[in-house]
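Descriptive analysis of the structure
Here is what each chain is made of, one letter per residue.
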Amino acid sequence: RWGDIVPQFLDSHWLKWQKVPYIDLRRAVPLWSLLLAQPVRFFRANIAFLRVVRAFRPTHVHAYAQPFVLNFVIGLACIRVPMVYRAGDAPALHNWLVRLSWWIVRRRATSVVVNSVFVGRAFHEAGINSKITKLIYNNPPTRSPNPSQELYLPLPVNARVVAYVGQIAEHKGPHVLI
């Protein structure tokens, strides 16, 4: 389980860490309901975040998704530590709550790391200055152990073959290819 592996790894490398409350905004309930149903946990998360910042004195804060920004919105508003935002997909803007988190990301991020040209373009179109973005792919490309070996596909002689690399999501345009 991920929640067991990461703490064990951090402990084995003598790295300090602390668990703080978190509101899982990815659940299938309306976000406003989730936030109203758990205000105590939300405020405890932000107080814990501020205590961690005070104790660890980080030079940067790393955020990698809008729900995490929302979870610590009060704490992020109270500190002046630069925020690095890791972007794995185009920003979500489908309701007022995620637009609020996006507004916070735009104001607080001093550096944005994107994992594709598409995501970088989407962030630029959504208001992020391209001067603060850096493209770093998730994983480097790998070659097969035997690069001289070709894969055989039983296709007609003049068939066109297209390899789609990316998440199958409408806003990324696979329908244009099809």
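All of these numbers come straight from a predicted model, not from anything done at the bench.

Let us now look at the sheet that holds strand 1 (residues 61-63). In any sheet, the strands associate via hydrogen bonds between backbone groups, in a parallel or an antiparallel arrangement. In spatial order, the strands read 1-2-3-4; together these four strands make up an open sheet with parallel pairing. Because the sheet does not close on itself, it has two edges, and the strands there are strand 1 and strand 4 (133-135). Across the sheet, the mean angle from the axis of one strand to that of its neighbour is 20 degrees, orientation sign disregarded. As paired strands, strand 1 and strand 2 (residues 83-87) are joined by three bridges and run parallel to one another. In the sheet register, H62 faces strand 2, and the bridge partner there is V84. With respect to the sheet, helix 6 (residues 96-108) is in contact with strand 2 and strand 3 (109-114), its orientation differing from that of strand 3 by roughly 110 degrees.

Here the focus is helix 7 (residues 117-125). Taken together, the buried positions of helix 7 are occupied by V119, G120, A122 and F123. Taken down its axis, helix 7 places every buried residue within 160 degrees of arc, on the same side. Of the residues one or two after helix 7, G127 is the one with positive phi, at around 110 degrees.

Turning our eyes to something else, we now look at the environment of I47. Structurally, I47 is set in helix 3 (residues 39-56). You can call I47 partly exposed: its relative accessible area is 44%. Sequence-wise, I47 and V20 are 27 residues apart; in three dimensions their C-alpha atoms are separated by 9.2 Å.

Before going further, it helps to examine the packing of aromatic side chains. Overall, the coordinates contain five aromatic pairs when judged by the stated rule. Note on F42 and F43: the rings are 5.4 Å apart at their centroids and 75 degrees apart in plane angle, and the pair reads as edge-to-face. Under the relative-accessibility criterion, F43 is labelled partly exposed at 45%. Pairing Y64 with F68 gives two aromatic rings, centres 4.6 Å apart and planes at 35 degrees, and the pair type is tilted.

Thresholds applied
Residues numbered from 1 in each chain as written. Predicted model: local features only at pLDDT ≥ 70, side-chain atom pairs only at ≥ 80, totals over all residues. Heavy atoms only, no water. Pairing = 2+ DSSP bridges. Helix = DSSP H or I, 4+ residues; strand = E, 2+ residues; numbered from the N terminus. Axes fitted to C-alpha atoms, helices over the stretch in contact; angles between N-to-C directions. Contact = heavy atoms within 4.5 Å. Buried < 20%, exposed > 50% of the residue type's maximum accessible area, 1.4 Å probe, protein only. Arc of directions from axis to C-beta. Phe/Tyr/Trp six-rings, centres within 6.5 Å; stacked < 30°, edge-to-face > 60°.

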